[in-house]
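Summary of the model geometry
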Amino acid sequence: MYTLTIVLFIALPILTIVVKLFDGPGEMWDHVVTYLMATYVTNSLFLIVGCTFLTFVLGVFSSWFVTRFHFPFRKILEWLLILPLAIPSYITAYAYAGIFDHSGSLQILFKTIHIQFPRIDVMNPVGLIVVLSLSLFPYVYVSARAVFLHQSRTLMETSVLLGASESRTFFRVVLPLARPAIVGGLVLVLMEVLNDYGAAKYYGVSTFTTGIFRSWFALEEPETAIFLSAILVTLIFGLIAIEKWQRRKIGYVDGVKSSKTITRITLKGFNKYLVCCLVSIPAFFGFVLPVMQLIYWAFLTFNSVFNTEFFGIAFQSLGIALVTALLTTTTAFFFIYFVKWNKLRSVRFISKITTIGYAIPGAVIAIGIMIPTLALDKYLIVFFKSNFDISISLLINGTIVALVYAYIVRFLAVAYNPIEASSLKIGNHLSESSKLLGITAFKTLLKIELPLLKTGFLSAFILVFVDVMKELPLTLILKPYKVQTLAVKAYEYASDELIAESALPSLFIIFAGVFFVLILNRIIRK
Amino acid sequence: MDILTLNNVTKSFDNGKNFALKEISFSLEEGKICAIVGESGSGKTTLLRLISGLETLDYGSIAIKDTVVSSTSVMRTSLDRNVGMVFQDYALFPHLTVSQNIGYGIKKEVEDKVKEMLQLVDLVGYENRYPSQLSGGEQQRIALARTLAASPKLLLLDEPFSSLDASLRSQLRSEVHAIVKKAGITAIFITHDTIDAIAIADEVIILKEGRLLQKGTIEELNSNPTDSYVTSVFSELKISASTILKALR
């Protein structure tokens, strides 16, 4: 019963989509299938293939270089390579559109030094692949680096002693052993690619997610949006299934971690500068350059954008992110301890259910929540009118409640994982000892477990906070009319061709992200 | 003829603050099996890593077959030294099959060599298994086969029996001894267990706190120890080394 409640809470959006599928497609479905579907499928698959290749190259090689070699600025670069995660991909997309525009920064620069340089058009599927990859490669970088850092030194030394070169050792030993982690990182990239709305919309590339918005808002046909959502979710679950399958297939790799981890080689001469330059490329183009462009724009538009309205939006954005982060971490904690205390057998099942939300694109979650909450609101309006003759307005839909609920569903996995990891690290012996000493379960939780879970809690809180600050598609659909977030404001400016004005709200999101990621790093190191 | 000569080999860590090895000198005759015995932190593993070329030395020189491979001015690669090493955890590549592991370092006639090595370690029929499907003893024999397949001049074994249980340990001692002798290769292995040394080695080197205390045959060390530590190493066994030697061989 309890398990069912938890499942319903999280899986409601998906169940809604599944149930609504039985209503059949809308009138525009044939039009979508005939004229648009091929473009959605082609573009989405093209993005998947392109981003997989490019994020793999950028993420894997940069992580290998910073893990394996000593070279100038390695420590700074090791950090900079994570920071593109602090920039939402749609903001990176705006920055690059501005850099390569007719009257963009690049053209201004070349004109200043009197050089004729042909304009590079990035507003196409290839440009979108490059921009999304520059923004998302840190998912692969972080996953691969974690494995490389713990790679067994003896395996590598054995390979060298058996006559293999550094590159052969990398391709035949290191890379195959890191495959599960790298594929895990790539799956996260692909989920983000399929979730993206802002960048694809701005670059004029039609994907499943832009199709969902178009069907819902432009064609005003929710049924078609639901059918597209169903296809998108099937595609994502297909990707997850492939990832699980390949993980099972190479289960023999488990337990490779060694206490003797690899030692860094100090590069000398030309090689150290070459590697430094290579590693600088993703860091520069993924973080430094877009931020420089945004800072330039922010200077140009500071007086018109930085006003009391901006303060109000920033305040609302921070408030929503803080409240959501608090509620999501509390919900995750409740789920974990509820399962633990009740010794539910369905632990693995529940932990899997919580991760569903992160796999489903924000637009799909928004639609999956909008439909049942609208039905509930309609029921409540009729109920109060007929029973108490009271006229009420919408209580859930179009309010902050539906928005925060959707955020919780989407980001529960983000909070669940660090808290669960901390909880597993503590184990059961401490709480069992406390209970054997006559302390109640609740008091044990307060005095023993909560203080020890502090790191997991803070990590979860920060990760959810940063994700909510960046979130766009879900917020666009579910946000109350009067509520505004920095992400939506940046999107609105860019959509209204006021791209320079989008810089200040974008920078605020980025700096909040960087600030909290730095804090998170400190917490983890402690 | 000597295959390995160490001359005043010195190695320190943390910029000279901690000495791992101090002025180690010895030579090893071709075809012999030598055991390096010492407690944890005595410098055994560092010595093996210096010989294999995985570490650089601070002072002194190492020569293999009269060619200096390590000194303050020379540092030959591990490949140039033609030295094979079996690590304590065997370091089998978990994603490669037994035959792929054995064939990893071979460039010509791979299949024939793999067959030959599997026959040597008595594991014919295990070609397509993965390391995780092997017992601890089988893993060790495959690690040995892989190293021997590359035809090294010198075989180094890092605590080869430390991760095995007592019964398997005694079985593997005689097996490793037989395989190495059959392959006719010179070998150095390190151990903290004196019985390992007695069971396998033709010569024993006793290390303590980075210094070489004594080198000789088991009988020489037992009958004529030059240091109280060497005496204690054998006195702990309660019965004479020659008795154990007879029983084990």
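Each chain carries its own residue numbering, running from 1 in the direction its sequence is written. Lettering for chains starts from A, numbering for ligands starts from 1, and both go in the order in which the items are written. Owing to the predicted nature of the model, reporting of local features is limited to residues with pLDDT of at least 70; listing and counting of side-chain atom pairs is limited to 80 or more, with chain, interface and lining totals taken over all residues.

**Examining the overall build of chain A**
Only DSSP runs of H or I with at least four residues qualify as helices, and only runs of E with at least two residues qualify as strands; both kinds are numbered from the N terminus onward. Tallying secondary structure elements over chain A gives 22 helices and two strands in all. Just to be clear, the radius of gyration here is over C-alpha atoms, and the globule rule we use is 2.2 Å times residues to the power 0.38. The C-alpha radius of gyration computed for chain A amounts to 25 Å, which stays within 12% of the reference 24 Å derived for 526 residues, consistent with globular compactness. A residue is called partly exposed when the number of other C-beta atoms within 10 Å of its own lies between 12 and 20, exposed at 12 or fewer, and buried at 20 or more, with C-beta atoms placed from the backbone. Out of the 526 residues in chain A, the part that is buried amounts to 45%. Considering only intrachain contacts with a sequence separation of at least 6, the fraction spanning at least 24 residues in chain A is 83%. Throughout, a pair of residues is in contact if the C-beta atoms placed from their backbones lie within 7 Å.

**Concerning the overall build of chain B**
Helix and strand counts for chain B stand at 10 helices and 10 strands. Over its C-alpha atoms chain B spans a radius of gyration of 18 Å, differing by no more than 12% from the 18 Å that the globule rule assigns to 249 residues. Reported as C-alpha extents along the three principal axes, the dimensions of chain B are approximately 50 × 45 × 35 Å. With 249 residues in all, chain B has 45% of them scored as buried.

**Things to note about the interface of chain A and chain B**
Often, the extent of an interface is quoted as the loss of accessible area upon association of its parts. Across the boundary between the two partners, chain A contributes 17 residues, which contact 18 residues of chain B. Elements supplying a minimum of two residues to the side of chain A that touches chain B: α7 (153-161) and α8 (166-195) of chain A. The leading source of residues in the side of chain A that touches chain B is α7(A), at six residues.

**Some points on the sheet that holds strand β7 (residues 154-158) of chain B**
Residues and elements named next belong to chain B. Any two strands between which DSSP finds at least two bridges are classified as paired. The strand order across the open sheet formed by six strands is β6-β7-β8-β3-β9-β10, and the pairing between neighbours is mixed. Strand pairing shows two members of the sheet lacking a second neighbour, β6 (83-86) and β10 (211-216), which therefore form its edges. Averaged over neighbouring strand pairs, the angle between their axes works out to 20° when direction is ignored. With four bridges connecting them, β6 and β7 associate as parallel partners. The residue bridging M85 from the neighbouring strand is L156, located in β7. Working convention: axes come from line fits to C-alpha atoms, limited for helices to the stretch in contact. Angles between N-to-C directions cover 0 to 180 degrees.

**Here's the deal with the confidence of the model for chain B**
pLDDT is defined as a per-residue confidence score from the predictor, taking values between 0 and 100. Of the residues in chain B, 94% have a pLDDT of 70 or more, and the chain-wide mean is 86. Interface predicted TM-score (ipTM) for the complex: 0.79; the corresponding pTM is 0.83.

**Here we look at the pairing of β10(B)**
Both strand β9 (residues 203-208) of chain B and β10(B) contribute to a ladder of five bridges, which runs antiparallel. Of the residues in β10(B), the one forming a bridge with V204(B) is G216(B).

**Overview of helix α10 (residues 208-218) of chain A**
For α10(A), a buried count of nine out of 11 residues is recorded, marking the element as mostly surrounded by other parts of the structure. A positive phi of about 50° marks E220(A), the residue just after α10(A).

**With respect to unusual backbone geometry**
Residues other than glycine seldom take positive phi values, yet D389(A) does so here, at roughly 55°. Despite not being glycine, S151(B) shows a phi value in the positive range, around 50°. You can see S151(B) is positioned in the loop between α5 (136-149) and β7. For S151(B), a count of 13 C-beta atoms within 10 Å corresponds to the partly exposed category.

**Re the sheet that holds strand β1 (residues 2-13) of chain B**
Residue and element names in this part refer to chain B. The four strands are arranged β2-β1-β4-β5 in an open sheet whose pairing can be described as antiparallel. Bordering the open sheet on either side are β2 (18-29) and β5 (67-70), each of which pairs with just one other strand. Taken pair by pair, the neighbouring strands of this sheet meet at an average axis angle of 30°, ignoring direction.

**Section: the pairing of β7(B)**
All names here are of chain B. For β7, the tally of buried residues reaches five of five residues, placing the bulk of the element in the interior. Burial of β7 is two-sided: the residues L154, L156 and D158 facing one way and the residues L155 and L157 facing the other way are all buried. Sheet analysis places β7 next to strand β8 (residues 186-191), joined by five bridges and oriented parallel. By the bridge assignment, L157 is partnered in β8 with F189.

**Digging into the environment of Q88(B)**
Residue and element names in this part refer to chain B. Structurally, the position occupied by Q88 is in the loop between β6 and α3 (98-103). The exposure class of Q88 is partly exposed, given the 16 C-beta atoms found within 10 Å. Separated by 71 residues in sequence, Q88 and E159 have C-alpha atoms that sit 5.3 Å apart.

**Remarks on the confidence of the model for chain A**
Summary statistics for chain A give a mean pLDDT of 85 and a share of 94% for residues scoring 70 or more. For chain A, the element scoring lowest by mean pLDDT is helix α14 (residues 347-359) of chain A, at 70; strand β1 (residues 69-70) of chain A scores highest, at 94.

**Some details on the packing of helix α2 (residues 29-68) of chain A against helix α12 (residues 269-305) of chain A**
Residue and element names in this part refer to chain A. Contact geometry for α2 and α12: axes closest at 10 Å, N-to-C directions at 135°. Taken together, the axis directions place α2 and α12 in an arrangement best described as oblique. Crossing of α2 over α12 shows left-handed handedness. Touching L58, S62, F65 and V66 of α2 are V275, L278, V279 and P282, all from α12. Under the convention adopted here, Pro, Cys and the residues Ala, Val, Leu, Ile, Met, Phe, Trp and Tyr are nonpolar, Asp, Glu, Lys and Arg are charged, and Gly plus all remaining residues are polar. A class-by-class count of the residues in the contact of α2 with α12 yields seven nonpolar, one polar and no charged. An angle below 35 degrees is treated as roughly parallel, one above 145 as roughly antiparallel, one from 65 to 115 as roughly perpendicular, and anything else as oblique. Here a crossing is called left-handed whenever its near helix is offset anticlockwise from the far helix by less than a right angle, and right-handed whenever the offset is clockwise.

**Concerning the packing of α2(A) against α8(A)**
All names here are of chain A. For the pair α2 and α8, interaxial distance at closest approach is 9 Å and the crossing angle is 135°. In terms of orientation, α2 and α8 fall into the oblique class. In this structure, α2 meets α8 at a crossing whose hand is right-handed. Only F170, I182, G185, L186, V189, L190, V193 and L194 of α8 make contact with α2, whose side of the interface consists of S44, L47, I48, C51, T52, T55, F56, G59, V60 and W64. Class assignment of the residues belonging to the contact of α2 with α8 gives a composition of 13 nonpolar, five polar and no charged.

**As for the environment of Y337(A)**
All names here are of chain A. As for its placement among the helices and strands, Y337 is situated in helix α13 (residues 308-341). Classification of Y337 by C-beta neighbours within 10 Å gives partly exposed; the count is 16. A C-alpha to C-alpha distance of 9.2 Å links Y337 and E420, two positions 83 residues apart in sequence.

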